[in-house]
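Working through the structure, step by step
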Amino acid sequence: MTKLKWGMIGGGEGSQIGPAHRLGAQADGLFEFSAAALDHRPEQGREYAQRLGVAADRAYGDWQEMLAGEKHREDRIDLVTVATPNATHFEITKAFLEAGINVLCEKPMTMTVEEGEEIVRVAEKTGQICAVNYCYSAYPMVRQARAMVRAGEIGKVRLVVTNFSHGHHGDATDADNPRVRWRYDPAMAGVSGQFADCGIHALHMASFISDDEVETLSADFASTIASRELEDDAMVNFRMSGGTVGRLWTSSVAIGRQHGFDIQVFGETGGLRWASEQPNQLIYTPVGGRTQIIEKGEGGLHEDAQRLSRVAIAHPEGFPLAVANIYCDLADAIRGETRDGLPTASDGVRSMAAVHTAVASAKENGAWMDARPPIFR
Ligand code: NAI
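Residues numbered from 1 in each chain as written. Predicted model: local features only at pLDDT ≥ 70, side-chain atom pairs only at ≥ 80, totals over all residues. Heavy atoms only, no water.

Concerning the overall build of the protein chain
- Each helix and strand in the protein chain was counted, giving 12 helices and 14 strands.
- Computed over its C-alpha atoms, the radius of gyration of the protein chain comes to 20 Å, within 12% of the 21 Å expected for a compact globule of 377 residues.
- In the protein chain, which comprises 377 residues, the proportion classed as buried is 54%.
- Across the protein chain, every contact between residues at least 6 apart in sequence was considered, and the portion connecting residues at least 24 apart equals 68%.
- Total accessible area on the protein chain stands at roughly 15800 Å², and carbon and sulfur atoms take up 50% of it.
- Distance between charge centres in the protein chain, computed from 37 positive and 51 negative side chains, equals 2 Å. (Helix = DSSP H or I, 4+ residues; strand = E, 2+ residues; numbered from the N terminus. Rg over C-alpha atoms; globule rule 2.2 N^0.38 Å. Buried < 20%, exposed > 50% of the residue type's maximum accessible area, 1.4 Å probe, protein only. Contact = heavy atoms within 4.5 Å. Areas by Shrake-Rupley, 256 points an atom, 1.4 Å probe, with all protein chains shown as cover. Lys, Arg positive; Asp, Glu negative; His and termini not counted. Charge placed at Lys NZ, Arg CZ, Asp CG, Glu CD.)

This is how it looks when you write it as structure tokens:
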């Protein structure tokens, strides 16, 4: 089977998410790193791409040059990853979809709900895949949790409780550090700080495992460091279409919490617990029974969890391999095999609607509001 051709925009040297994409895309020999515009500084981007093995004529200075260069090539890229800062996602994603190139866009997919709906429409019209990198949903034991819920193993889901809270912006003396400050500045980050950055991963996870969509929400936002215009802490209560009750806490000032992403799903006949800092284990308690640890790679897992377990049981599998699972599902999807766990533009626009609704609700003292994007009402 010939490799698919892959390109990347953003994710330059020293970026946070760039290495996870390069490891993920190339982990299974499914994609060849063929084109790139990696940096907002053209020369650095060209130079770094060539150091990573991209041919000189496809190591571009910016995304417009890359689009023009790739569009008419016979061997053009099959997929482009957009790993630039948030405000650029919409324009780049739309342009590549319209050129007939599949996209994996980083979260948040867009800055507004309208832009998100436009991406859904463009993907539909062009027939291209637009995936969004909710990569935590591709950990094998998260897939196991979703499959157990679908198989009725914990009964109807009553309650989902999730946190994505870390303490890495909790030092008030570091609040003016440019790498931190922009995240709480509306001119750079948009309408929301911590909720749009981390909270939407947790909200997506709640929908993903419980196999349901967020319908309404009520939010309380706080800027615990006074110089911050946008929230660094948020509590969001929500209800899902099937009646499930949801609770979500996200924070960047929770000193002592490191990655701090976990979820508990409570059904009528059992409960599940998963945490990103121990991603190989899923904790399961049947009602009236003993708590059990289900381990990645063990026998008897649901098919999707088994398929996405890579190395032998008890060897750690981490973040880059979860990203690799997204690329595996994308490769299958590009070749025509539907993968229903793959997060797409529909998930991206649902997140944007939740962000804007949470901002509005927080301004109205936590009033309950419809959190669905207009196209899904
Ligand atoms: P970063 O600031 O560390 O790196 C951004 C990179 O993009 C830099 O190399 C920069 O030179 C390049 N860049 C900026 N503008 C560009 C342009 N117009 N064209 C080409 N390259 C450009 O940012 P980070 O943390 O890597 O975040 C990037 C995106 O990934 C964000 O949207 C963020 O929300 C998302 N992200 C997602 C994560 C996940 O778990 N899915 C985790 C971390 C970030």
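Some words on the UniProt feature "domain: GFO/IDH/MocA-like oxidoreductase" (unreviewed entry) in the protein chain
- Per the UniProt annotation, the sites labelled "domain: GFO/IDH/MocA-like oxidoreductase" (unreviewed entry) are residues 142–272.
- In this annotation, residues 142–272 is assigned 26% helix and 33% strand; the end-to-end C-alpha distance for the span is 10 Å. (UniProt positions renumbered as here; feature names shortened; annotations may be inferred.)

Topic: the site of the ligand
- Taken together, 25 residues are adjacent to the ligand, and Gly12, His40, Asn86, His89 and Lys107 come closest.
- Within the side chain of glutamine 16, one N or O atom sits 2.9 Å away from an oxygen atom of the ligand.
- Here an oxygen atom of the ligand sits 2.8 Å away from a polar atom, N or O, in the main chain of lysine 107. (Near = heavy atom within 4 Å. Polar contact = N/O pair within 3.5 Å; in protein donor to acceptor, adjacent residues only side chain to side chain.)

Observations regarding the sheet that holds strand S4 (residues 102–105)
- With parallel pairing, 5 strands are arranged side by side in an open sheet as S2-S1-S3-S4-S5. The open sheet has two edge strands with one neighbour each: strand S2 (31–37) and strand S5 (130–132). Strand after strand, the sheet turns through a mean of 20° between neighbouring axes, direction not considered.
- Pairing analysis gives 6 bridges linking strand S1 (residues 4–10) to S2, with the strands arranged parallel. Bridging from a neighbouring strand, glycine 7 pairs with alanine 35 of S2. (Pairing = 2+ DSSP bridges. Axes fitted to C-alpha atoms, helices over the stretch in contact; angles between N-to-C directions.)

Here's the deal with the sheet that holds strand S9 (residues 245–251)
- Pairing is mixed across the open sheet formed by 9 strands, whose spatial order is S13-S12-S11-S10-S6-S9-S8-S7-S14. Two strands close off the open sheet at either side, each with one partner strand: strand S13 (292–295) and strand S14 (369–370).
- Where strand S12 (residues 281–286) lies against S13, 4 bridges are found, and the strand directions are antiparallel. The partner of isoleucine 283 across the bridge, within S13, is isoleucine 293.
- Sitting on the sheet, helix H6 (residues 140–150) is in contact with strand S6 (157–165), strand S11 (270–275), S12 and S13, with an inclination near 25° to S12.
- Packing against the sheet, helix H12 (residues 345–363) makes contact with strand S7 (214–222) and S14, and its axis sits at approximately 55° to S7.

What about the packing of helix H5 (residues 113–126) against H12?
- Close contact between H5 and H12 brings their axes to 9 Å; oriented N to C, the two are set at 170°. Judged by the angle between their axes, H5 and H12 are roughly antiparallel. Facing H5, whose interface residues are Val113, Gly116, Glu117, Ile119 and Val120, H12 presents Ala345, Ser346, Val349, Met352, Ala353 and His356.
- Of the residues assigned to the contact of H5 with H12, the class counts are 7 nonpolar, 3 polar and 1 charged. (Parallel < 35°, antiparallel > 145°, perpendicular 65-115°, else oblique. Nonpolar A, V, L, I, M, F, W, Y, C, P; charged D, E, K, R; others polar.)

What about the packing of aromatic side chains?
- Scanning the model with the defined rule gives 11 aromatic pairs in all.
- A centroid spacing of 4.8 Å and a plane angle of 40° characterise the contact between tryptophan 6 and phenylalanine 33, whose relative ring orientation is tilted. With tryptophan 6 in strand S1 and phenylalanine 33 in strand S2, this pair connects stretches of sequence that are 27 residues apart.
- The class of phenylalanine 33 is buried, set by a relative accessible area of 8%.
- Here tryptophan 6 and tyrosine 327 contribute two aromatic rings whose centre-to-centre distance is 5.8 Å and whose plane-to-plane angle is 85°, an arrangement assigned as edge-to-face. Pair noted here: tryptophan 6 is in strand S1 and tyrosine 327 is in helix H11 (residues 319–334), with a separation of 321 residues, a long-range link.
- Of the residues examined, tryptophan 6 reaches a relative accessible area of 0% and is grouped as buried.
- An aromatic cluster is defined as three or more aromatic residues linked by ring pairs; in this entry it consists of Tyr136, Tyr139, Phe164, Phe261, Trp274 and Phe319. (Phe/Tyr/Trp six-rings, centres within 6.5 Å; stacked < 30°, edge-to-face > 60°.)

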